[in-house]
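Coordinate analysis (summary)
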Amino acid sequence: MRIARFSIDGNVAFGVVEGDASTEGGPVLDIIKGHPFAEFERSGRKIPLDKVRLLPPVLPNKVVAVGRNYTEHAAELGNELPDAPVIFLKPSTAVIGPGDAIPYPSFSQEVHHEAELAVVIGRMCREVPRERVKDVILGYTCANDVTARDAQKREQQWGRAKGFDGSCPLGPWVETELDPGDLGIMCTVNGEQRQLGSTSDMVRSVEDLIVHITEAMTLLPGDVVLTGTPAGVGPLNVGDEVAVTIEGIGTLTNKVIKRG
Ligand code: MG
């Protein structure tokens, strides 16, 4: 099931996406009564997907991310694989939705795309044992861990380099029935392929990461875990259109703009 969050006529709602581009009349949203973090019903009220503005599929309290989780990506930046996962946070204010603009940060001359599988947490949890990880996951979406690479190298902590406004595009929706073990993951810039990998190449699996993170911190419904990026990261410039596509989920597209 694909669950999108959207606005229409000034109201915000969740809806289940039905159909796809091949469906006659195009895909529609069946509006949900309530929200996807509890049992919900579909209202039966349907709206064409192209009549709404999609929003970030969740509003996370925090985004927890992992660095250097694909061997070839660690190598391309001249890094060894870390002994323990490199965990960092992106603030809720970094999150933007599908179609939203990424404002180029004033303190950087080298902003990179990083296509990543994002895990959306469905329930409050801490110290999750491995066998319970699937119970705390609502589903998966696409993410772009947009990074000011020069600031990341220059500054000891990555708070600014990976936490600036607009540095965490998420979407287009949450897919709730998906095995994350072997999904194709791709990034294009202006239609040209930059990154192409598979989630099967992750050093630490989704399960490993959730166990590791929740040893330290409670995750809340709607929190997001970014799982690292495959090789092929590279620059984004003002005017570029960057698209992250993950097999079984869909495509997240954003444009880079000059920060106003
Ligand atoms: Mg990353």
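Residues numbered from 1 in each chain as written. Predicted model: local features only at pLDDT ≥ 70, side-chain atom pairs only at ≥ 80, totals over all residues. Heavy atoms only, no water.

The protein atoms that coordinate the magnesium ion are Glu 114 (OE), Glu 116 (OE) and Asp 145 (OD), at distances of 2.0 to 2.1 Å. As a motif over one chain, the donors of the magnesium ion read E-x1-E-x28-D. Pair noted here: Glu 116 is in strand β11 (residues 115–121) and Asp 145 is in the loop between β12 (137–144) and β13 (147–148), with a separation of 29 residues, a long-range link. For Glu 116, a relative accessible area of 1% translates into the label buried. We classify Asp 145 as buried; its relative accessible area is 0%. (Donors = N, O, S within 2.8 Å, 3.2 Å for Na, K, Ca; no water. Helix = DSSP H or I, 4+ residues; strand = E, 2+ residues; numbered from the N terminus. Buried < 20%, exposed > 50% of the residue type's maximum accessible area, 1.4 Å probe, protein only.)

Strand order in the open sheet made by the three strands is β13-β10-β18, with antiparallel pairing throughout. Lying at the two open borders of the sheet, with one neighbouring strand each, are β13 and β18 (234–236). (Pairing = 2+ DSSP bridges.)

Once that is clear, we can look at the nonpolar core. Judged by nonpolar contacts, the single largest core of 53 residues is most densely connected at Phe 6, Leu 117, Val 119, Ile 210 and Ile 246. Per-element accounting of this core gives the leading share, five residues, to helix α4 (residues 206–214). Judged by nonpolar contacts, the second largest core, of 16 residues, contains Phe 88, Ala 143, Cys 168 and Leu 226. (Core = buried A, V, L, I, M, F, W, Y, C linked by side-chain atoms within 4.5 Å.)

On the surface, a cluster of negative charge is made up of Glu 72, Glu 76, Asp 179, Asp 182, Asp 201 and Glu 247. Structurally, Glu 247 can be placed in the loop between β19 (241–246) and β20 (250–258). (Patch = residues over 30% accessible without salt bridge, like charges linked within 9 Å, V, L, I, M, F, W, Y side chains within 5 Å. Areas by Shrake-Rupley, 256 points an atom, 1.4 Å probe, with all protein chains shown as cover. Salt bridge = Lys/Arg side-chain N within 4 Å of Asp/Glu carboxyl O. Lys, Arg positive; Asp, Glu negative; His and termini not counted. Charge placed at Lys NZ, Arg CZ, Asp CG, Glu CD.)

Here we come to the environment of Glu 192. Inspection of the secondary structure puts Glu 192 in strand β16 (residues 192–198). Using a relative accessible area of 52% as the deciding quantity, one classes Glu 192 as exposed. Residues Glu 192 and Glu 241, spaced 49 residues apart in sequence, show a C-alpha to C-alpha distance of 10.0 Å.

Turning next to the packing of aromatic side chains. Any aromatic ring pair is given by two values, namely how distant the centres are and how the planes are angled relative to each other. All chains considered together, the criterion is met by two aromatic pairs. Between the aromatic rings of Phe 88 and Trp 158, the centroid separation amounts to 5.3 Å while the plane-to-plane angle is 65°, which identifies the pairing as edge-to-face. Here Phe 88, found in strand β7 (residues 86–90), pairs with Trp 158, found in the loop between α3 (149–154) and β14 (168–175); they are 70 residues apart in sequence, far enough to count as distant. There is no split in this pair, since Phe 88 and Trp 158 are both buried. Here Phe 107 and Phe 164 contribute two aromatic rings whose centre-to-centre distance is 6.2 Å and whose plane-to-plane angle is 80°, an arrangement assigned as edge-to-face. Within this pair, whereas Phe 107 is found in the loop between β9 (101–104) and β10 (111–113), its partner Phe 164 is found in the loop between α3 and β14, the two being separated by 57 residues in sequence. (Phe/Tyr/Trp six-rings, centres within 6.5 Å; stacked < 30°, edge-to-face > 60°.)

Okay, the domain arrangement of the protein chain next. Domain boundaries in the protein chain define domain 1 (2–54) and domain 2 (63–258). Relative to domain 2, the C-alpha centre of domain 1 lies at a distance of 25 Å. Listed as interface residues are nine residues of domain 1 and, on the opposing side, 14 residues of domain 2. With both chains or domains summed, domain 1 and domain 2 bury close to 920 Å², and 61% of this area falls on carbon and sulfur atoms. Summed over the three residues of domain 1 that lose the most area to domain 2, namely Arg 2, Phe 37 and Leu 54, the buried surface amounts to 63% of that side. Scanning the region where domain 1 abuts domain 2 turns up two salt bridges. In this structure, Arg 53 engages Asp 100 in a salt bridge whose closest nitrogen and oxygen atoms are separated by 3.1 Å. The interface formed by domain 1 and domain 2 holds five residue pairs in polar contact (both at pLDDT 80 or more) in total. If one sorts the elements of the side of domain 1 that touches domain 2 by residue count, strand β1 (residues 2–8) sits on top with three residues. (Domains from an automatic or database assignment. Contact = heavy atoms within 4.5 Å. Buried area = accessible area lost by both parts, 1.4 Å probe. Polar contact = N/O pair within 3.5 Å; in protein donor to acceptor, adjacent residues only side chain to side chain.)

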